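Below are the chains, spelled out letter by letter.
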Amino acid sequence: MKKRLLAVLMVMVMAFALTACGGGESKTDDAAATDQSSDANADANADAGSDDASADTGSASGETIKVGIINNDPNESGYRTANDKDLKAKFSAENGYDAQFAYSLKNDEQQASAKKFIEDGVDYLLLSAADTAGWDSVLKQAQDAGTKVILFDRTIDADPSLYEASIVSDMDKEGQTAVDWLAGQNLSEYNIIHIQGVMGSAAQKGRSGALTTKADAESNWNIVEEQTAEWNAEKAQHIVQSVIDAGTKFNVIYAENDDMAKGAVAALDAANISHGVGKDVIVMGFDCNKWALEELLNKNWNYDGQCNPFQSSYIDDVIKKLENGETLSEKTIIMDEKGFDAESITQADVDTYGI
């Protein structure tokens, strides 16, 4: 009898030990998955850590808020890299979020990711659309599923009732500010190489629109070449090189982001064409990367238009208000931005506004 009792006790002890080990392994897997939830390539493993994260993080209800974030490729530009880093820092497990990320420069791929996030039951869909058109059906699907949509960085052509808020730059104003600056240079003739971003994006449409309108209205404004380089420096370099090889006269490069301006300048340097303040070619970019503003400070470039990449705190504030049942005072939040001139930029500007 004593032996039988001892055997039963031994079995119970071993079973307890095995259960404890299994629990330890599960906790390790959950912790690893939680770390992955803020990674750019987060997948289904990220969901494994969401339950544990809710105990440690702090939404108003004490529960983790699930968000699906759809963005453009972080390698697209310095602006986008800063934007993605800002979002990852804010929408972390430590801040009460279970975040999944998807990236593409194509609308159809972004929409496929959006549908998957909706099916996964995210509470919020955060969207920086590759193209302004074609989002109504996806946003209606989100609305029907109870997923709240917040736009960031870029506007879309959709019924405002389909999204909660839009935190964006005024791309039209960015373009107009740049064109007004260029008009203020009072050139006798403007022969412009216009290097466009991804066609159909809000940034491209806003920055192109003002220049197109001005060139159509003024007889001495000539767009001698207009192509998309899709935000890519190497493509921009090839565009400018082809203009140089063709012997076409130009004195302005209007590039719709800093990386494309950098590529354009590489072609100028290779051809020994001077650029910057008091030189043969005016160079204009957008986004205010720190290295680009330093080019202005050194008078190698002439103008850079600001585009603020730090939207996460605005989005977080909107989510907190919605979670608390508050009514938003405004649906569209426009971030304040400016343009910088090589003639007046300071080191303090570079340090403050450079990204």
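Residues numbered from 1 in each chain as written. Predicted model: local features only at pLDDT ≥ 70, side-chain atom pairs only at ≥ 80, totals over all residues. Heavy atoms only, no water.

We now examine the environment of Asn-232. Examined against the element boundaries, Asn-232 turns out to sit in the loop between strand 7 (221-228) and helix 8 (233-246). With a relative accessible area of 31%, Asn-232 lands in the partly exposed category. Expressed as a C-alpha distance, the spacing of Asn-232 and Lys-262, which sit 30 residues apart in the sequence, is 9.4 Å. (Helix = DSSP H or I, 4+ residues; strand = E, 2+ residues; numbered from the N terminus. Buried < 20%, exposed > 50% of the residue type's maximum accessible area, 1.4 Å probe, protein only.)

The next subject is the side chain of Asp-258. Along the polypeptide, Asp-258 turns up in helix 9 (residues 258-270). One buried charged residue, Asp-258, remains without a salt bridge, the closest side chain of opposite sign being Arg-207 at 7.8 Å. The residues touching Asp-258, leaving out its near neighbours within four places in the chain, are Gly-285, Phe-286, Asp-287, Cys-288, Asn-289, Trp-291, Ala-292, Trp-301 and Asp-304. (Lys, Arg positive; Asp, Glu negative; His and termini not counted. Salt bridge = Lys/Arg side-chain N within 4 Å of Asp/Glu carboxyl O. Contact = heavy atoms within 4.5 Å.)

Another aspect to go through is helix 4 (residues 107-119). Its 13 residues give helix 4 an end-to-end C-alpha distance of 18 Å, which sits within 8% of 18 Å, the value for a rise of 1.5 Å per residue. When we look at burial in helix 4, the residues that qualify are Asn-107, Gln-110, Gln-111, Ala-114, Phe-117 and Ile-118. An end-on view of helix 4 places all buried positions within 120° of arc, on one side of the element. For helix 4, the exposed residues lying more than 90 degrees away from the buried face are Asp-108 and Glu-119. Just beyond helix 4, the residue with positive phi is Gly-121, at close to 85°. (Expected span 1.5 Å × (residues − 1). Arc of directions from axis to C-beta.)

The next point concerns the layout of surface pockets. A water-sized probe rolled over the atoms picks out the places where empty space is left. What the largest pocket holds in volume is close to 210 Å³. Every residue lining the largest pocket is counted, 13 residues in all, and those nearest its centre are Thr-155, Met-171, Asp-172, Ala-202 and Gly-206. Every element with two or more residues in the lining of the largest pocket is listed here: helix 6 (171-183) and helix 7 (202-217). Broken down by element, the lining of the largest pocket gets its largest block of residues, 3 residues, from helix 7. Looking at the lining of the largest pocket, its residues break down into 5 nonpolar, 4 polar and 4 charged. (1 Å grid on protein atoms, 1.4 Å probe; cavity = no way out; pocket = protein on both sides within 12 Å on 5 of 7 lines; lining within 4 Å. Points joined across faces, edges and corners; volume = space filled by probe spheres on them. Nonpolar A, V, L, I, M, F, W, Y, C, P; charged D, E, K, R; others polar.)

Judged by pairing direction, the sheet is mixed, and its 6 strands sit side by side in the order 7-6-8-9-10-12 without closing on themselves. Bordering the open sheet on either side are strand 7 and strand 12 (339-341), each of which pairs with just one other strand. In this sheet, adjacent strand axes meet at a mean angle of 15° when their direction is disregarded. Note that strand 6 (residues 190-196) and strand 8 (residues 252-255) share 4 bridges and pair parallel. (Pairing = 2+ DSSP bridges. Axes fitted to C-alpha atoms, helices over the stretch in contact; angles between N-to-C directions.)

Our focus in this paragraph is the pattern of salt bridges. Pairing between side chains becomes possible if they bear opposite charge and their charged atoms approach one another. Throughout the structure, instances matching the rule amount to 16 salt bridges. For Glu-230, the salt bridge is made with Lys-235, and the minimal N-O distance between the two is 2.4 Å. By relative accessible area, which is 39% here, Lys-235 ends up partly exposed. The salt bridge involving Lys-290 is made with Asp-351; its shortest N-O contact spans 4.0 Å. Residue Lys-290 is located in helix 10 (residues 290-297), and its partner Asp-351 is located in helix 12 (residues 347-353); the two are separated by 61 residues in the primary sequence. Here Asp-351 falls in the partly exposed class, since its relative accessible area comes to 47%. Taken together, the salt bridges that share partners define one network made up of Glu-76, Arg-80, Asp-153 and Arg-154.

Here we take up unusual backbone geometry. A positive phi is found at Asp-153, a non-glycine position, where the angle reads about 70°. Structurally, Asp-153 can be placed in strand 4 (residues 148-153). Given a relative accessible area of 1%, Asp-153 falls into the buried group.

Under the defined criterion, the tally for this structure stands at 8 aromatic pairs. With a centroid separation of 6.3 Å and an interplanar angle of 15°, the aromatic rings of Phe-101 and Tyr-103 are classed as stacked. Measuring from ring centre to ring centre gives 5.2 Å for Phe-340 and Tyr-353, while their planes differ by 50°; the resulting arrangement is tilted. Note that Phe-340 is positioned in strand 12 and Tyr-353 in helix 12, a separation of 13 residues in sequence. (Phe/Tyr/Trp six-rings, centres within 6.5 Å; stacked < 30°, edge-to-face > 60°.)

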